[in-house]
Amino acid sequence: MAIDRKKQILEAATNSFSLFGYKATTMDQVAKIANVGKGTIYTFFKNKEELFDEIVSSLINEMTFEAEEVINPDATFSENVHRALFRLLEFRKEHKLTIKLYQEAREMGTPAVSEVIDRMEKVVIEFLSHRIEKAVSSGAIKPCNPEMTAFVLLKLYVSLIFDWERTHGPLDKDEIADLFELYIIKGLSN
């Protein structure tokens, strides 16, 4: 019964954060959506921050799982990085909570939300860094700084998927893969 209540609260809070954002969500709203008393929430979570942290931790685990799912051990480094990044950014575009968090960070600069965005980016960079280290060790790519390379790869994908789209329309998955191959793997030099 307690597990069901906790799950019910987490679902209601996720729904509230997705609809209203972090700043506008209150424990009263969560209680109302979950159809529980506010005191019931406090038996599981000390405050809104702790509740939010648990939801974000679950979200990050889900993101990492999504990226792992598309990795193919028989594919090249380039193909796997493209698949993982594309899936992570698709997840970001499709998931109601991530959409709202990025919107709130951009429009309001809510510190708790900005910290979450940084935390999610750090997880993606760590995920990529690990893949880059393996690729360097196996000789699949040249030696490089894994963390910096992961940062550049992520920012390139974000730019191609979100920034380019604002003024030029969306690129499809194959176009992004081709650009990734051109700019990162092959380079522009003849």
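A brief look at the structure comes next. (Residues numbered from 1 in each chain as written. Predicted model: local features only at pLDDT ≥ 70, side-chain atom pairs only at ≥ 80, totals over all residues. Heavy atoms only, no water.)

## Digging into unusual backbone geometry
Of note, the phi angle at Asn35 is positive, near 60°, even though the residue is not glycine. Its place among the elements puts Asn35 in the loop between helix 2 (27–34) and helix 3 (38–44). Taking the relative accessible area as the measure of exposure, Asn35 reaches 66% and is therefore exposed. (Helix = DSSP H or I, 4+ residues; strand = E, 2+ residues; numbered from the N terminus. Buried < 20%, exposed > 50% of the residue type's maximum accessible area, 1.4 Å probe, protein only.)

## Here we look at a negative patch on the surface
On the surface, Asp172, Asp174, Glu175 and Asp178 cluster together into a patch of negative charge. Along the chain, Asp178 turns up in helix 9 (residues 173–186). (Patch = residues over 30% accessible without salt bridge, like charges linked within 9 Å, V, L, I, M, F, W, Y side chains within 5 Å. Areas by Shrake-Rupley, 256 points an atom, 1.4 Å probe, with all protein chains shown as cover. Salt bridge = Lys/Arg side-chain N within 4 Å of Asp/Glu carboxyl O. Lys, Arg positive; Asp, Glu negative; His and termini not counted. Charge placed at Lys NZ, Arg CZ, Asp CG, Glu CD.)

## Describing a nonpolar patch on the surface
Judged by side-chain polarity, Met148, Phe151, Val152, Leu182, Tyr183, Ile184, Ile185 and Leu188 come together as a nonpolar surface patch covering roughly 720 Å² of accessible area. Those elements giving two or more residues to the nonpolar patch turn out to be helix 8 (146–168) and helix 9. When residues of the nonpolar patch are assigned to their parent elements, the largest contribution, four residues, is made by helix 9. Among the structural elements, Phe151 can be located in helix 8.

## Looking at the pattern of salt bridges
Close approach of charged atoms allows side chains of opposite charge to pair. Applying the stated criterion across every chain yields a total of 12 salt bridges. Between Asp53 and Arg119 there is a salt bridge; the shortest N-O distance is 2.7 Å. Of this pair, Asp53 sits in helix 4 (residues 48–69) while Arg119 sits in helix 7 (residues 111–138); the two residues are 66 residues apart in sequence, bridging distant segments of the chain. Salt-bridge contacts for Lys93 lead to Glu165; the nearest nitrogen and oxygen are separated by 3.1 Å. Within this pair, whereas Lys93 is found in helix 5 (residues 77–94), its partner Glu165 is found in helix 8, the two being separated by 72 residues in sequence. A residue is classified by how much of its surface remains accessible, and Glu165, at 29% relative accessible area, is partly exposed. Residues joined by salt bridges that share partners form a network here, namely Glu66, Arg87, Glu90 and Glu94.

## Points about the side chain of Asn80
Topologically, Asn80 is positioned in helix 5. Judged by relative accessible area, Asn80 falls into the buried class, the value being 11%. Beyond its immediate chain neighbours, meaning those up to four positions away, Asn80 contacts Val70, Ile71, Asn72 and Ala75. (Contact = heavy atoms within 4.5 Å.)

## Describing the side chain of Arg87
Assignment of secondary structure puts Arg87 in helix 5. By relative accessible area, which is 15% here, Arg87 ends up buried. Setting aside chain neighbours within four positions, we find Arg87 in contact with Glu66, Val70 and Glu94.

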